[in-house]
Amino acid sequence: MSNWIMAPILIPALAAMMLLLEVRERHWLRRVTGLTATLALVPVSILLFRQAATGDIQVYSLGDWPAPFGIVLVLDQLSALMVLLTSVLAVPALLYASHGDDRLGPNFHSLFQMQLMGINGAFLTGDLFNLFVFFEVLLIASYGLALHGRGPARVRAGLHYVVLNLIGSAVFLLALSLIYGATGTLNMADFAARAAELEGPALTLVKVAGLLLCVVFGLKAALFPLYFWLPATYASATAGVAALFAVMTKVGIYALLRVHGLAFSDGALAGLGDMALWTVSLLTLGLATVGVFGARRLGELVAYLVVMSVGTLVAALAWGTEEAISGALFYLLHSTLICAGLFLLADLVSRGRGDAGDTLMAGPRPPAAGLLGALFFIGAVAVAGLPPLSGFLGKVMLLRAVPAPAYWALLLAGGLLAVVGLSRAGSTLFWRAGEPMAGTVLNKGRLTAAVLLLAMAPAMVLLGGPLSAITQSVAAQWAQPDLYIHAVLGYPGGAQ
């Protein structure tokens, strides 16, 4: 059954190739191919998650070359959970885009599938160099998706995004070269085993490389001071793309979690970068709160909510306890799905307000304003962390797990200011709005996609017990890096 580990990578890769060969004018065929491939990822991801839930860590060696000499894909509970989250998010995101936005450019569906391939590959790889490769795959696809639909604002924001990530890729390669020069390996498990025994100049090189990796992953995750590209890029992208991008920052957080859990949890590298991550995560949380409060567009406001979630999550990662990681994983699921749903909702509102778009200024009332207002209320309550929805449960878990006064103050103050900012947005868009524009109709397909995501807020409350048990199990396995190392290498001591 371990061969199924390849499926989350192969399905979107094959779909992308098919889409490139299909006739561009047959939009219906491209939509069917893309949606079929994306839907197929859901049962595959569920199957993989059920396999990982047994506690066994499965390893797939490409070409039957054993680690650390060959390329390996590793399925543990953490990677399986992230692949499942991506597949659940991708379906409504693509469904929304398939109601018109996909026709704004010729290769949208193939780029979307390549993005899924890169994201899933990054979650499943057991090798640092292949993590870089999958990062590049998802980034190249994201460049095209960010510019999809054209427009000066989109091009300007996309250019900043491209330049920063190209710099990040160069730093990533530098870090990998230092690690390989000092340890002779890029396999994550083997690197972790060897790093624990380093000393002298080799240890210094690896410490520098580790800090460079923190910078690279911090850029991918949008940590201070490297998050300024995100609000403009996400707010300018088409809604389906922005919804999928909600999981992009989580790839950086996953990489931090994986490398810290393996190599920086014990031995000579124990705690490397933790204080720096703690500091910048609190700064990210505080500054993103200011961004939410001062946003002038609903899409921009949601983008800053994504940055807020990044600061919240990385602070829990830096705290490093099993309980903190469990709470962070629950909050990660919640924030990704709800922020993605709010991106779709922001676009629904924008389409019904003419030139006013999603700007937080008086304008026409969107069609079905009562329904959209109710959905906005659910999303706002959830993302601000108010009871009784999923954000409240996530924040309670984090507050219990991270008893640091600064974290408590910023998390609670951030929630309060988010409530104020979201209340201002809601009253402007739905309460103080004028008469609806003639001829505007709410697209049911787009509405369905937004409802699917925002419905996760009450669903996660109803399933709060099982979900928290899952995140506790994932965190418990993450806290035992020897299990991962032994599964990949066959013995706990590294290459012999």
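Bear in mind the structure is a predicted one, so any value in this text is a computation, not a measurement.

Draft legend 1. Fine view of the overall build of the protein chain. Scanning the protein chain from N- to C-terminus turns up 21 helices and two strands. For a compact globule of 496 residues, the expected C-alpha radius of gyration is about 23 Å, and the protein chain comes in at 22 Å, within 12% of that figure. Overall, the C-alpha framework of the protein chain stretches about 75 × 55 × 40 Å when taken along its three principal axes. By the burial criterion, 59% of the 496 residues in the protein chain qualify as buried. Nonlocal contacts in the protein chain, meaning residues at least 24 apart in sequence, comprise 79% of its contacts between residues at least 6 apart. Just so you have it, the protein chain exposes about 18,500 Å², and 69% of that area is on carbon and sulfur atoms. Between the averaged position of the 25 positive side-chain charges in the protein chain and that of its 22 negative side-chain charges there is a distance of 15 Å.

Draft legend 2. Spotlight on a nonpolar patch on the surface. Taken together, the side chains of Phe293, Leu416, Leu417 and Val420 define a hydrophobic patch exposed on the protein surface, amounting to about 340 Å² of accessible area. When residues of the nonpolar patch are assigned to their parent elements, the largest contribution, three residues, is made by helix α17 (residues 405-431). With respect to the helices, strands and loops of the structure, Leu417 is situated in helix α17.

Draft legend 3. Representation of the packing of helix α4 (residues 108-124) against helix α5 (residues 128-147) in the model. Their axes nearest at 8 Å, the elements α4 and α5 cross at an angle of 155°. Between α4 and α5, the angle falls in the class roughly antiparallel. Crossing of α4 over α5 shows left-handed handedness. On α5, the residues that touch Phe108, Leu111, Phe112, Met114, Gln115, Met117, Gly118, Ile119, Gly121 and Ala122 of α4 are Leu131, Phe134, Phe135, Val137, Leu138, Ala141, Ser142, Gly144 and Leu145. Taken together, the residues of the contact of α4 with α5 break down into 14 nonpolar, five polar and no charged.

Draft legend 4. Representation of the packing of aromatic side chains within the structure. One pass over the full model with this rule turns up 14 aromatic pairs. Aromatic pair Phe123 and Tyr254: ring centres 5.0 Å apart, planes at 80°, arrangement edge-to-face. A residue pair is termed long-range when its members are at least 10 positions apart, and Phe123 in helix α4 and Tyr254 in helix α11 (residues 248-263) qualify at 131 residues. Judged by relative accessible area, Tyr254 falls into the buried class, the value being 4%. Residues Phe132 and Phe172 carry aromatic rings whose centres are separated by 5.5 Å and whose planes lie at 85° to one another, so their mutual orientation is edge-to-face. In this pair, Phe132 is assigned in helix α5 and Phe172 in helix α6 (residues 152-183), connecting sequence segments 40 residues apart. Judged by relative accessible area, Phe172 falls into the buried class, the value being 1%. Among the aromatic side chains, those forming a connected cluster through ring pairs are Phe129, Phe132, Phe135, Phe172 and Phe217.

Draft legend 5. The arrangement of empty space enclosed by the protein in detail. In this structure the tally under the stated criterion is four cavities of 30 Å³ or more. Its boundaries defined by the atoms lining it, the largest cavity holds a volume of some 100 Å³. If you go around the largest cavity, the residues you meet are Phe135, Leu138, Leu139, Tyr161, Asn165, Leu219, Lys220, Trp229, Tyr234, Met248, Thr249 and Val251. Contributions of two or more residues to the lining of the largest cavity are made by α5, α6, α8 (200-221), α9 (229-236) and α11. Within the lining of the largest cavity, the residues separate by chemical class into nine nonpolar, two polar and one charged.

Draft legend 6. Representation of the pattern of salt bridges within the structure. For the structure on display, the rule yields six salt bridges. Where Asp102 meets Arg31, a salt bridge forms, and the shortest distance between an N and an O atom there is 2.7 Å. One end of the pair, Asp102, is in the loop between α3 (77-97) and α4; the other, Arg31, is in helix α2 (residues 27-52), with 71 residues separating them in the sequence. On the basis of relative accessibility, which here comes to 5%, the residue Asp102 falls in the buried class. The network of salt bridges with shared partners includes Asp101, Asp347 and Arg351.

Thresholds, definitions, all that
- Residues numbered from 1 in each chain as written.
- Predicted model: local features only at pLDDT ≥ 70, side-chain atom pairs only at ≥ 80, totals over all residues.
- Heavy atoms only, no water.
- Helix = DSSP H or I, 4+ residues; strand = E, 2+ residues; numbered from the N terminus.
- Rg over C-alpha atoms; globule rule 2.2 N^0.38 Å.
- Buried < 20%, exposed > 50% of the residue type's maximum accessible area, 1.4 Å probe, protein only.
- Contact = heavy atoms within 4.5 Å.
- Areas by Shrake-Rupley, 256 points an atom, 1.4 Å probe, with all protein chains shown as cover.
- Lys, Arg positive; Asp, Glu negative; His and termini not counted.
- Charge placed at Lys NZ, Arg CZ, Asp CG, Glu CD.
- Patch = residues over 30% accessible without salt bridge, like charges linked within 9 Å, V, L, I, M, F, W, Y side chains within 5 Å.
- Salt bridge = Lys/Arg side-chain N within 4 Å of Asp/Glu carboxyl O.
- Axes fitted to C-alpha atoms, helices over the stretch in contact; angles between N-to-C directions.
- Parallel < 35°, antiparallel > 145°, perpendicular 65-115°, else oblique.
- Left-handed = near helix turned anticlockwise from the far one by under 90°.
- Nonpolar A, V, L, I, M, F, W, Y, C, P; charged D, E, K, R; others polar.
- Phe/Tyr/Trp six-rings, centres within 6.5 Å; stacked < 30°, edge-to-face > 60°.
- 1 Å grid on protein atoms, 1.4 Å probe; cavity = no way out; pocket = protein on both sides within 12 Å on 5 of 7 lines; lining within 4 Å.
- Points joined across faces, edges and corners; volume = space filled by probe spheres on them.

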